[in-house]
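Spelled out, the chains give:
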Amino acid sequence: MCGWLNGMMSGMGAWMALWGLVGLVLLALFIVGLVWLIRSLTRDAASKPANVETPQDILRRRYAAGEIDEEEYLRRLSGVCQR
């Protein structure tokens, strides 16, 4: 009788250890998923530039508004394109 009880307890201990490992793996997956979610949310907010105008856009806008003439527009545009 003692031998049978001892065998049952060792099998039960193995199952308890297995479920303990499964629990740790699930906890690790949850933490990794949470970190990934936080990083993806903050990365999206930081990677979107706020309506940045290129030098060519500024020149086009100033030319269209009549602030500069065609000669100055072309001269400045060639200077911007050389950089």
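None of these values were measured; they are calculated from a predicted model.

Caption draft 1: Looking closely at the pattern of salt bridges. Here the structure, examined in full by the defined rule, presents four salt bridges. Salt-bridge contacts for Arg61 lead to Glu53; the nearest nitrogen and oxygen are separated by 3.3 Å. For Glu53, a relative accessible area of 40% corresponds to the partly exposed category. Ionic pairing is found between Arg76 and Glu72, a salt bridge with its closest N-O pair at 2.7 Å. Here Arg76 pairs with Glu72, and both are found in helix α3 (residues 70–82), just four residues apart, close to one helical turn. The exposure class of Arg76 is partly exposed, given its relative accessible area of 33%. The partly exposed category is assigned to Glu72, whose relative accessible area is 21%.

Caption draft 2: Expanded view of the packing of aromatic side chains. Scanning the entire structure with this criterion turns up one aromatic pair. Between the aromatic rings of Tyr63 and Tyr73, the centroid separation amounts to 4.8 Å while the plane-to-plane angle is 20°, which identifies the pairing as stacked. A residue pair is termed long-range when its members are at least 10 positions apart, and Tyr63 in helix α2 (residues 55–65) and Tyr73 in helix α3 qualify at ten residues. Judged by relative accessible area, Tyr63 falls into the partly exposed class, the value being 36%. For Tyr73, a relative accessible area of 14% corresponds to the buried category.

Caption draft 3: Spotlight on the environment of Val80. Among the secondary structure elements, Val80 is positioned in helix α3. Val80 sits 24 residues away from Gln56 along the chain, and the two C-alpha atoms are 7.4 Å apart. If near-sequence neighbours (up to four positions away) are discounted, Val80 is found in contact with Pro55, Gln56 and Leu59.

Caption draft 4: Main features of the side chain of Ser40. Mapped onto the secondary structure, Ser40 falls in helix α1 (residues 2–47). For Ser40, the side chain forms a polar contact with the main-chain oxygen of Leu37, separated by 2.9 Å.

What counts and how
Every chain is numbered independently, its residues counted from 1 as its sequence is written. Totals for whole chains, interfaces and linings use all residues, but because this is a predicted model, local features are given only for residues with pLDDT of at least 70 and pairs of side-chain atoms are given and counted only at 80 or more. To obtain the side-chain values, all non-hydrogen atoms of the structure were included, while hydrogens and water were left out. For this analysis, a salt bridge means a side-chain nitrogen from Lys or Arg found within 4 Å of a carboxyl oxygen belonging to Asp or Glu. Burial status follows relative accessibility: with a 1.4 Å probe on protein chains alone, a residue under 20% of its type maximum counts as buried, one over 50% as exposed, and anything between as partly exposed. To qualify as a helix, a DSSP run of H or I must reach at least 4 residues; to qualify as a strand, a run of E must reach at least 2; elements of each kind are numbered from the N terminus. Between the rings of Phe, Tyr and Trp (Trp by its six-membered ring), a pair exists once the centres lie within 6.5 Å; its type follows the angle of the planes, with under 30 degrees stacked, over 60 edge-to-face, and the other angles tilted. Here a residue-residue contact requires only that any non-hydrogen atoms of the pair lie within 4.5 Å. In protein, a polar contact requires one atom able to donate a hydrogen and another able to accept it; more generally it is a pair of N or O atoms within 3.5 Å, and residues adjacent in sequence count only if both atoms are side-chain atoms.

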